[in-house]
Amino acid sequence: MKQAEYQISLFDGDHKLTIDKPIRLIELFAGYGSQALALKYLGANFEHWKICEWAVKSIQAYKDLHFGDDNTDYSAAKTQDEVIDYLYSKGISANYNEPMTIDQIKRLGEEKQRVIYNNLIATHNLVSVCNCHASDLEISDTDKYTYIMTYSFPCQDLSLAGKGLGMEKGSGTRSGLLWEVERILDECNGNLPQILLMENVPEVIGTNNSEHFSQWVAKLDSLGYKSKWEILNAKDYSVPQNRARCFMVSWLGNYYYDFPTPIKLENRLKDVLETNVDEKYYLSDAMKKYIVSKDDKYRVSNGNLIVNRDIACSKTTREGCARADTSDYISPDLMPNENIANKNTLNYRIRKLTPKECGRLMGVRDKDIDIIAVNQSNPSQYHLYGDSIVVDVLMAIFGQML
């Protein structure tokens, strides 16, 4: 992959970019809220100001992680029809690709409809970025607050494992939702968030996307932002996972910013995994056989086998597979590419990581979103397949500002 060879708006200001006011965090494409987790673990003075997240499962995850104590029934004064109309107007999604129809929302049933409604209100969720406007962000009193807006837009059309549809403006691709962020910033009429943070796959600055990335940075320049980007790897920031991502920080004002320097990796995979795991985390034999039977279709050329290694490899995005940010994610790419067809493979018991293991590996303290296969006859041999925005890297990035 050829990366962008220069940073259009990179020049140093007179002062280090430092946050000395309370933070109001705006998370577009929020997911489960990894950026908020990073600020929380740093002990930053911040509040969840607004989020945009349309996927029902991610909405529930965000609520559980950040507003688990809020049991208010915000829907109590609403009729069922009013709740349905609200969910439809906001554009909630069940499949991460398109909004639900009103008939689909009706089929959820009243109890589920009210749960989703309450989750939206509790998390200050504007739902679909396509329906979000600058006025909804309620940016005011910028002399008293630092507004940080994050926008980790979809990577599916950028990833090497995807179809390479790209993020060109007007393309209509999922990755092209980046340009909804442009629209929102334009609507701010100068009353802009002081800091922007982007995270995406390295291919966002690769050969196929560099022209459009440069166009985006130029747009930020025109709005008064200075931007700096760099590919950082989780294994360089205390996480035993080989996961490279491109991060870009953009800011208003005469400041300079330096990305955090790598730190020595102290944790190893064997420090993460538990020896005794509850049976509820193991997958059924039927599901294990299904994964094995589908391997030829989804074979990975270099495999994903990890045997007695210290660093886990990262999950790849595969078209047609379930998504990695749901708790029921199953990927045929879990298994290594050697000896898949023979019955020896069935010696591996496949399970999800426990929440504690996820927390140790990636900073996701409360969700079991990844899968591991353990050799029953030799537990020290295992295959691990994980996906998460690495909270520890975000902590290092924010830590440079606090």
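Cut-offs and rules
Residues numbered from 1 in each chain as written. Predicted model: local features only at pLDDT ≥ 70, side-chain atom pairs only at ≥ 80, totals over all residues. Heavy atoms only, no water. Helix = DSSP H or I, 4+ residues; strand = E, 2+ residues; numbered from the N terminus. Buried < 20%, exposed > 50% of the residue type's maximum accessible area, 1.4 Å probe, protein only. Contact = heavy atoms within 4.5 Å. Areas by Shrake-Rupley, 256 points an atom, 1.4 Å probe, with all protein chains shown as cover. Salt bridge = Lys/Arg side-chain N within 4 Å of Asp/Glu carboxyl O. Pairing = 2+ DSSP bridges. Axes fitted to C-alpha atoms, helices over the stretch in contact; angles between N-to-C directions. Polar contact = N/O pair within 3.5 Å; in protein donor to acceptor, adjacent residues only side chain to side chain. Core = buried A, V, L, I, M, F, W, Y, C linked by side-chain atoms within 4.5 Å. pLDDT = per-residue confidence, 0-100. Phe/Tyr/Trp six-rings, centres within 6.5 Å; stacked < 30°, edge-to-face > 60°. Lys NZ or Arg CZ within 6 Å of the ring centre and 35° of its normal. Parallel < 35°, antiparallel > 145°, perpendicular 65-115°, else oblique. Left-handed = near helix turned anticlockwise from the far one by under 90°. Nonpolar A, V, L, I, M, F, W, Y, C, P; charged D, E, K, R; others polar.

1. Focus on the overall build of the chain
Tallying secondary structure elements over the chain gives twelve helices and 13 strands in all. Burial status across the chain gives 51% buried among its 402 residues. Restricting to contacts in the chain with at least 6 residues of sequence separation, those with at least 24 account for 74%. Just so you have it, the chain exposes about 18,000 Å², and 45% of that area is on carbon and sulfur atoms.

2. Notes on the environment of Val129
If you trace the backbone, Val129 turns up in the loop between α5 (110–122) and α6 (134–137). Each residue touching Val129, except ones within four places of it in the same chain, is listed here: Leu28, Phe29, Cys52, Leu177, Glu180, Arg183 and Ile184.

3. Side note on the pattern of salt bridges
If you walk through the whole model with that rule in mind, you get eleven salt bridges. Residue Lys228 is joined to Asp258 by a salt bridge in which the shortest nitrogen-to-oxygen separation is 3.0 Å. Of this pair, Lys228 sits in strand β6 (residues 225–233) while Asp258 is found in the loop between β9 (255–256) and α9 (269–272), placing the two residues 30 residues apart along the sequence. For Lys228, a relative accessible area of 12% gives the class buried. The shortest N-O distance in the salt bridge between Asp236 and Lys235 comes to 3.9 Å.

4. Structural notes on the sheet that holds strand β8 (residues 244–252)
Across the sheet, which stays open at both edges, the six strands sit in the order β3-β2-β4-β5-β8-β6 with mixed pairing between neighbours. Lying at the two open borders of the sheet, with one neighbouring strand each, are β3 (46–52) and β6. For this sheet the average axis-to-axis angle between neighbouring strands, irrespective of direction, equals 20°. Note: β6 against β8, nine bridges, orientation antiparallel. Following the sheet pairing, Lys226 is matched in β8 by Trp251. Packed onto the sheet, helix α1 (residues 34–42) meets β2 (23–28), β3, β4 (146–151) and β5 (195–200) and runs at close to 155° relative to β2.

5. Side note on helix α2 (residues 56–66)
Across the eleven residues of α2, eight count as buried, placing the element largely inside the fold. Taken as a whole, α2 has its buried residues at Val56, Ser58, Ile59, Ala61, Tyr62, Lys63, Leu65 and His66. Residues of α2 that are buried in the fold lie against β2, α1, β3 and α5.

6. A word on the side chain of Glu27
Checked against the element boundaries, Glu27 lands in strand β2. Of the polar contacts made by the side chain of Glu27, one reaches the backbone nitrogen of Ala36; its length is 3.3 Å. A distance of 2.4 Å separates a polar atom in the side chain of Glu27 from a polar atom in the side chain of Tyr62. For Glu27, the contacting residues outside a window of four places in its chain are Gly33, Ser34, Gln35, Ala36, His48, Lys50, Ile51, Cys52, Tyr62 and Thr150.

7. Re the nonpolar core
Leu28 and Tyr151 are the most contacted members of the largest nonpolar core, which has 37 residues in total. With five residues, the top contributor of residues to this core is helix α7 (residues 178–187). Other than its neighbours up to four places away in sequence, Tyr151 contacts Leu28, Phe29, Leu178, Val181, Leu196, Leu197, Met198, Trp216, Leu220 and Met248. With 36 residues, the next largest nonpolar core counts Ile23, Tyr32, Phe67 and Ile195 among its residues.

8. Topic: the confidence of the model for the chain
Overall, the prediction assigns the chain a mean pLDDT of 77, with 69% of residues at 70 or greater. Taken element by element, the chain is modelled with least confidence in strand β13 (residues 382–385), mean pLDDT 44, and with most confidence in β2, mean pLDDT 98. Long-range and interchain partners of residues 363–371, a stretch whose pLDDT sits below 50, account for 52 contacts in this model, where long-range means more than four residues apart. Here residues 375–388 is a poorly scored stretch, pLDDT under 50, and it has 69 contacts once near neighbours within four places are set aside; other chains count.

9. Let's talk about the packing of aromatic side chains
Evaluated as defined, the whole model comprises ten aromatic pairs. When the centroid spacing of 6.5 Å and the interplanar angle of 10° are considered together, the rings of Tyr151 and Phe153 count as stacked. What makes Tyr151 buried here is its relative accessible area of 0%. Of the aromatic side chains, those joined through ring pairs into one cluster are Tyr151, Phe153, Trp179 and Trp216. Positioned above the aromatic ring of Tyr145 is the side chain of Arg24, whose terminal nitrogen or guanidinium carbon lies 3.6 Å from the ring centre. A cation sits over an aromatic face here: Lys50 above Trp49, 5.7 Å from the ring centre.

10. Re the packing of α2 against α5
Angle between the axes and distance between the axes are the two parameters that describe a pair of packed helices. Two elements in contact, α2 and α5, have axes whose closest approach is 10 Å; the angle formed by their N-to-C orientations is 55°. When the interaxial angle is binned, α2 and α5 end up oblique. With respect to the hand of their crossing, α2 and α5 are arranged in left-handed fashion. Side by side, α2 and α5 meet where Val56, Ile59, Gln60 and Lys63 of the first sit next to Lys112, Val115, Ile116, Asn119, Leu120 and Ala122 of the second. Taken together, the residues of the contact of α2 with α5 sort by class into six nonpolar, two polar and two charged.

11. Quick word on the pairing of β8
Most of β8 sits out of view: seven of its nine residues are buried. Of the pairings in the sheet, the one linking β5 to β8 comprises six bridges and is antiparallel in character. Note that in β8 the partner of Leu196 across the bridge is Ser250.

12. Some thoughts on the packing of α1 against helix α12 (residues 391–399)
Packing of α1 against α12 leaves a shortest axis separation of 8 Å and a crossing angle of 60°. In terms of crossing hand, the pair formed by α1 and α12 is right-handed. Facing Ser34, Gln35, Leu37, Ala38, Leu39, Tyr41 and Leu42 of α1, the residues of α12 in contact are Val391, Leu394, Met395, Phe398 and Gly399.

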